[in-house]
Amino acid sequence: MGKNIVQKILDSHIVSGAPETGSAVGIRIDQTLTQDATGTMAYLQFEALGFDRVKTELSVSYVDHNTIQEGFENADDHKYLETVAAKYGILFSKPGNGICHQVHLERFGKPGKTLLGSDSHTPTGGGIGMIAIGAGGLDVAVAMGGGPFYLTYPRVVKVELTGALRPWVSAKDVILALLEILGTKGNSDSMVEYGGPAVETLSVPERATITNMGAELGVITSVFPSDEKTRQFLKAQGREGDYAPLSADAAASYDRVITIDLSTLEPRASCPHSPGNVKKLSELKGTKVDQVLIGSCTNASYRDMMLTAAALRGKKVSSGVSLGVAPGSRQVLEMIGRNGALADIVSAGARILETACGFCIGNSVAPRTDAVSVRTSNRNFFGRSGTSSAQVFLASPEAAVAAALSGEICDPVDYFKAADYPRIDAPEEFIIDDTMILAPASDSSQVKIFRGPNIGDPPSNEACPDVINGNVSIKVGDKITTDHIMPAGSRLKYRSNIQKYAEFVFEREDPQFSKRALDNKGRGVHNIIVAGESYGQGSSREHAAICPMYLGVKMVIAISMERIHRANLVNFGIIPATFENPGDYALINIDDELLISGVRNHIYKDNGLTAVRKSDGLSIRLKIELTEREKGMILAGGLINQCRMDGSK
Ligand code: MIC
Ligand code: SF4
């Protein structure tokens, strides 16, 4: 029987379990990446686990998220990351070198390899033919120490691409069209594999735009074949030796096949406040725009910047619009600086922003009250821009430039002439200068790790209690993202200080939550979070589990839960429960007192629990679906406790 690409890569990396859809497998991880906002916790945990050196083929620590440095906190984190990297054998990409996913694709991605990253957009690497997966920092710490990464052997959805994109229609529109088909929830058991005759019409960075936003589908990852385009890209990066061809066997089979004809695609946008809320731009035409931002790990490649420059050349940004442009890496910035494209962007009236995450995570250029902001990034969750009343639309660079020039949302196919569509040829040679990537120390005993006052110890948890004397300390609705649970933006600088960061858990949902939860904890009452469908969408930030753990949350009961967040809850000893009967969600209220007995025994034996409401005896059945390995973690109170108990690493 033939194999598809997903099976080929996974099967050659399996170290435990059987390659059967739905069963738990452990895979060997070849490469890891971390970024600063999740990295400090990942490396603190790496240290706590007692490893003395990374055991991967390659591990890179990037600084791209917290680059504001309005206080000492971020700078402390950067120095900690730099010294930890030097000591343990990790490459360190300095702030200013670029966004982790963009730089990783340029300098390190290798077809056929596995990559685990402490960032949910790690699947960007699928554009170069990797199985690249986002995970919590603790999972990445374990992988750096040579441990396997555990996942459920996926269903594979094939997306067959035919035809070719029309002028002013772009890779972003392909993934927005797929989001329209698959939505943002219910896909967490799948990987997407692209194929079909149109694959060869897309460059590696265009493929990476598509796999990047696979994160918004909620799939485990997405992957493209590795072909002549991949070889050319690697050659232009001076890495032809890293090329390996990769394609599905003719007899490969798939769990589902979706066909997208690129020649019929119309430009689209994700409307507020979900990437899955996709509409055609022709339907949104005429909406006045205040801000346009081009950049982020989705759309800040050399191709995207050259397109932006060419479409802006000789024109001026509409007087009512503030346009910001953030190239994705130092390589991209240097290339457009040297070839004159940067001057075209500046001359049109754009603000040049740092080569970093910046606006995408609400770290800078927050829009004005009630503004309409059109961005090329991948998430438009409520409040993420830093301005709760803003309306954020996600679209292609083509659509963003059209909005910046015209002052309103419009279809770039109508706004520009087809004949004026700039052909952006992939460069034969990129400018290669890795001086902002620091090599680890040759003698690690000489490296002293820097720990400023912003670096706290990771908090510990106690073993799982046998009786949960619970209080529903918050009840939230559907599609609660990790941005709702643990806001980023101006709070990001507390990522290394859990005690402080925990003050902001559910800040926008219920500002009293943190205090109430801590009070409960103080009087021996366990906190329970009750949620609707698709709880924990979005980022991989394990702080959305660690901070609630610190506040004494013992269980989340949801109608359904997203993959990375669920894994993070388990890693930190919080029980991820779902309602056996989803209708019971409506019966539970905030402040209900729930008694759950025999917890340890039931988790161990039959994966089911009953919660009894103290006020009226109402009893609710809960499903706890844990693998044997996860049961051990939950009972121990998390992975770190479990490793300590086993004496294993
Ligand atoms: C994001 O886009 O939400 C982030 C910031 O990159 C996160 C990681 C984080 O919270 O640090 C992600 O996507 O995993
Ligand atoms: Fe950075 Fe935004 Fe990409 Fe997250 S989605 S890695 S914040 S650019």
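Basis of the calculations
Residues numbered from 1 in each chain as written. Chains lettered and ligands numbered in written order. Predicted model: local features only at pLDDT ≥ 70, side-chain atom pairs only at ≥ 80, totals over all residues. Heavy atoms only, no water. Pairing = 2+ DSSP bridges. Helix = DSSP H or I, 4+ residues; strand = E, 2+ residues; numbered from the N terminus. Right-handed = clockwise from strand over helix to strand, strands pointing away. Axes fitted to C-alpha atoms, helices over the stretch in contact; angles between N-to-C directions. Contact = heavy atoms within 4.5 Å. Salt bridge = Lys/Arg side-chain N within 4 Å of Asp/Glu carboxyl O. Buried < 20%, exposed > 50% of the residue type's maximum accessible area, 1.4 Å probe, protein only. Near = heavy atom within 4 Å. Nonpolar A, V, L, I, M, F, W, Y, C, P; charged D, E, K, R; others polar. Polar contact = N/O pair within 3.5 Å; in protein donor to acceptor, adjacent residues only side chain to side chain. Arc of directions from axis to C-beta. Core = buried A, V, L, I, M, F, W, Y, C linked by side-chain atoms within 4.5 Å. Parallel < 35°, antiparallel > 145°, perpendicular 65-115°, else oblique. Lys, Arg positive; Asp, Glu negative; His and termini not counted.

**Points about the pairing of strand β9 (residues 155-162)**
- Sheet analysis places β9 next to strand β10 (residues 190-195), joined by 6 bridges and oriented parallel. Paired with valine 159 across the strands is tyrosine 194, a residue of β10.
- Between β9 and its parallel partner β10, the chain crosses via helix α6 (residues 171-182), and the hand of that crossover is right-handed.
- Where β9 meets strand β12 (residues 256-261), 6 bridges bridge the pair, whose relative direction is parallel.

**Some details on unusual backbone geometry**
- Histidine 273 follows proline 272 through a cis peptide bond whose omega is -5°.
- Position of histidine 273 among the secondary structure elements: in the loop between β13 (268-270) and β14 (278-280).
- With a phi close to 55°, glutamine 69 is a non-glycine residue in the positive phi region.
- Mapping glutamine 69 onto the fold places it in the loop between β4 (58-62) and α3 (72-88).
- Despite not being glycine, aspartate 370 has its phi angle at roughly 65°, a positive value.
- Checked against the element boundaries, aspartate 370 lands in the loop between β17 (350-352) and β18 (372-375).

**As for the sheet that holds strand β24 (residues 575-579)**
- Pairing within the closed barrel is mixed, and its 7 strands lie in the order β21-β22-β23-β24-β27-β26-β25. Neighbour-to-neighbour, the strand axes of the sheet open up by a mean angle of 35°, direction not taken into account.
- Bridge count between strand β25 (residues 593-596) and strand β26 (residues 608-613): 3 bridges; the pairing is antiparallel. Looking at β26, one finds that isoleucine 596 is bridged to alanine 611.
- Against the sheet, helix α18 (residues 513-522) touches β21 (468-475), β22 (526-531) and β23 (553-558), its axis set at about 170° to β21.

**Details of the pattern of salt bridges**
- This structure, assessed with the given rule, holds 40 salt bridges.
- A salt bridge links arginine 313 to aspartate 344, with the nearest nitrogen and oxygen atoms 2.7 Å apart. Of this pair, arginine 313 sits in the loop between α11 (302-312) and β16 (322-325) while aspartate 344 sits in helix α13 (residues 341-348), placing them 31 residues apart in sequence.
- Overall, the relative accessible area of 46% leaves arginine 313 in the partly exposed class.
- Notably, a salt bridge pairs glutamate 507 with arginine 491, separated by 2.5 Å at the nearest N-O pair. Taken as a pair, glutamate 507 in the loop between α17 (498-501) and α18 and arginine 491 in the loop between α16 (482-485) and α17 lie far apart in primary sequence, 16 residues in all.
- Through salt bridges with shared partners, a single ionic network connects Glu206, Arg303, Asp304 and Glu398.

**Looking at the site of ligand 2**
- What surrounds ligand 2 is the set His65, His101, Asp119, His121, Ser296, Cys297, Cys357, Cys360, Ile361, Asn378 and Arg384.
- Taken together, the residues that form the shell around ligand 2 break down as 4 nonpolar, 5 polar and 2 charged.

**Focus: the site of ligand 1**
- The immediate surroundings of ligand 1 are formed by 14 residues, with Asp119, Ser120, Arg495, Ser540 and Arg541 found nearest.
- Contacts to ligand 1 include arginine 495, whose side-chain N or O atom sits 2.8 Å from an oxygen atom.
- Contact distances for ligand 1 include 2.6 Å between an oxygen atom and a side-chain N or O atom of arginine 541.
- Along the lines of polarity and charge, the residues of the shell around ligand 1 split into 2 nonpolar, 7 polar and 5 charged.

**Quick word on the sheet that holds β10**
- Judged by pairing direction, the sheet is parallel, and its 4 strands sit side by side in the order β11-β10-β9-β12 without closing on themselves. Only two strands of the sheet have a single partner each, and these edge strands are β11 (221-223) and β12. Taken pair by pair, the neighbouring strands of this sheet meet at an average axis angle of 20°, ignoring direction.
- Against the sheet, α6 touches β9, β10 and β12, its axis set at about 135° to β12.

**Overview of the environment of leucine 438**
- Positionally, leucine 438 belongs in strand β20 (residues 437-438).
- Considered as a pair, leucine 438 and threonine 298 are 140 residues apart in the sequence and their alpha carbons are 25 Å apart.
- Look past the residues within four positions of leucine 438 in its chain and what remains in contact with it is Glu82, Ile90, Leu91, Phe92 and Lys94.

**Concerning helix α12 (residues 330-339)**
- Buried residues of α12: Gln331, Val332, Met335 and Ile336, and no others. End-on view of α12: buried residues confined to an arc of 120°, all on one side of the axis.
- Where the residues of α12 are buried, they touch α4 (100-107), α11 and α13.
- Immediately beyond the C-terminal end of α12, within one or two residues, lies glycine 340, with a positive phi of roughly 95°.

**Digging into the side chain of histidine 526**
- Inspection of the secondary structure puts histidine 526 in strand β22.
- Histidine 526 gets classed as buried once you look at its relative accessible area, which sits at 14%.
- Not counting residues within four places of it along the chain, the set of residues in contact with histidine 526 comprises Pro465, Val467, Ile468, Asn469, Gly470, Asn471, Gly552 and Lys554.

**Brief notes about the nonpolar core**
- Counting 101 residues, the largest nonpolar core has Phe506, Tyr535 and Met555 as its most contacted members.
- Considering each element in turn, this core owes the most residues, 6 residues, to helix α5 (residues 137-144).
- Those residues in contact with methionine 555 that lie beyond four places of it in its chain are Ile468, Asn527, Ile528, Ile529, Ile574, Ile575, Ala577, Ile596, Leu609 and Leu622.
- Counting residues in each nonpolar core, the second largest holds 60 residues, with Phe108, Ala208, Val372 and Phe416 among its members.

**Observations regarding the packing of α12 against α13**
- The interhelical angle for the contact between α12 and α13, taken along N-to-C directions, is 85°, at an axis separation of 4 Å. Of the possible angle classes, the one that applies to α12 and α13 is roughly perpendicular. Between α12, through Leu333, Ile336, Gly337 and Asn339, and α13, the contact on the second element is made entirely by Ala341, Leu342 and Ile345.
- Taken together, the residues that form the contact of α12 with α13 break down as 5 nonpolar, 2 polar and no charged.

**Concerning the environment of serine 319**
- Tracing the backbone through its elements, the reader meets serine 319 in the loop between α11 and β16.
- A C-alpha to C-alpha distance of 9.2 Å links serine 319 and alanine 404, two positions 85 residues apart in sequence.

**Considering the side chain of aspartate 64**
- Structurally, aspartate 64 can be placed in the loop between β4 and α3.
- Although aspartate 64 is buried, it makes no salt bridge; arginine 495 carries the closest opposite charge, 9.4 Å away.
- At 2.6 Å, the side chain of aspartate 64 forms a polar contact with the side chain of histidine 65.
- Polar side-chain contacts of aspartate 64 include one of 2.7 Å to the backbone nitrogen of cysteine 100.
- Setting aside its immediate chain neighbours within four residues, aspartate 64 contacts Gln35, Asp36, Gly98, Ile99, Cys100, Ala356 and Cys357.

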